[in-house]
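What follows is each chain in one-letter form.
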Amino acid sequence: MPRHHVDVDPGLVGEKAFTHPATRRWWRWLLEEYEPAYSVALVTPCSSVKPYTRSPTSRKIRGGLRRLGLWDEKEDKPRGLVWLYFSDLLILVPYERAEEYPPCCYEVPPDLVLGSPELAERVSTLLAEAVKRLVDRGLEKAILFLPRKHKRLWSMAREKATRWPRERMVGYTLFSTRELLEAIYSDVRVP
């Protein structure tokens, strides 16, 4: 059941969200302006809880990053890696922008995207282009913590991409982030 801490924009619900001006502006920003601050990205799924930062999984990961010394308390964001949420609508959302509009205020479940060949094609094509551009801007590795449905879209994008970072896939579970934190510990150095 979706839980929003900020009101949902009715224009950002369901299939019509893909044509919303805020969505198009986000895609343009992601493809043309966003530059990762680090060469390693942690990629986690979006959430029915909006903003994503308030989801139970995000809270567990954030706590783990703190214990590993990979959290900038002053800036309230990760350090040493970029945390990206894989969104079925917005494609990739950096942790530090997850509480902004539109990431805070939409509702597009993965089943909607995977149930429509056109939407799945659109999302995977945008993801392939976004990741290629992030690689061009310095992304070298992605640590993936994705459930099955998001993995399907990620794999579709990887097949289309002309450039792709090295990947480390970690088994996704709602109950524990231990394996994920072990992967991060071995792959990321405290800056």
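This text follows the structure it describes.
Since the model is a prediction, treat every value here as computed from it, not as a measurement.

The rules we used
Residues numbered from 1 in each chain as written. Predicted model: local features only at pLDDT ≥ 70, side-chain atom pairs only at ≥ 80, totals over all residues. Heavy atoms only, no water. Helix = DSSP H or I, 4+ residues; strand = E, 2+ residues; numbered from the N terminus. Buried < 20%, exposed > 50% of the residue type's maximum accessible area, 1.4 Å probe, protein only. Polar contact = N/O pair within 3.5 Å; in protein donor to acceptor, adjacent residues only side chain to side chain. 1 Å grid on protein atoms, 1.4 Å probe; cavity = no way out; pocket = protein on both sides within 12 Å on 5 of 7 lines; lining within 4 Å. Points joined across faces, edges and corners; volume = space filled by probe spheres on them. Nonpolar A, V, L, I, M, F, W, Y, C, P; charged D, E, K, R; others polar. Disulfide = S-S within 2.5 Å.

S.K.: Explain the side chain of lysine 50 to me, using residue names and the numbers behind them.
M.R.: Following the sequence through the fold, lysine 50 ends up in strand β3 (residues 49–50). The exposure class of lysine 50 is buried, given its relative accessible area of 2%. Within polar-contact distance, the side chain of lysine 50 engages the backbone oxygen of serine 47 at 2.6 Å.

S.K.: Could you give an account of empty space enclosed by the protein, naming the residues involved and the relevant values?
M.R.: Under the definition given, this model contains 1 cavity of 30 Å³ or more. In this structure, the largest cavity occupies an estimated 40 Å³ of space. Lining the largest cavity, in full, are Val43, Leu84, Leu92, Val131, Leu134, Leu139, Ala142, Trp154 and Pro165. Its residues placed into classes, the lining of the largest cavity shows 9 nonpolar, no polar and no charged.

S.K.: So what's going on with the layout of surface pockets? Residues and values would help.
M.R.: The calculated volume of the largest pocket comes to roughly 560 Å³. Contributing to the lining of the largest pocket are 30 residues, with Cys46, Ser47, Ser48, Tyr172 and Leu174 lying nearest its centre. Looking at the lining of the largest pocket, the elements that each hand over two or more residues are β2 (40–45), β3, α2 (56–67), β6 (82–87) and α5 (148–160). Sorting elements by how many residues they give to the lining of the largest pocket places α2 first, with 5 residues. The residue inventory of the lining of the largest pocket, partitioned by class, reads 16 nonpolar, 7 polar and 7 charged.

S.K.: Describe the state of the cysteines, listing the residues and the values that go with them.
M.R.: Summed over the entire model, instances satisfying the criterion amount to 1 disulfide. Bridging cysteine 104 to cysteine 105, the disulfide has an S-S length of 2.4 Å. Handedness here is read from the sign of the S-S torsion; for cysteine 104 and cysteine 105, about -65°, the answer is left-handed. In this structure cysteine 105 comes out as buried when scored by relative accessible area, which is 5%. Here cysteine 46 is not disulfide-linked; the sulfur of cysteine 104 is the nearest cysteine sulfur, at 14 Å.

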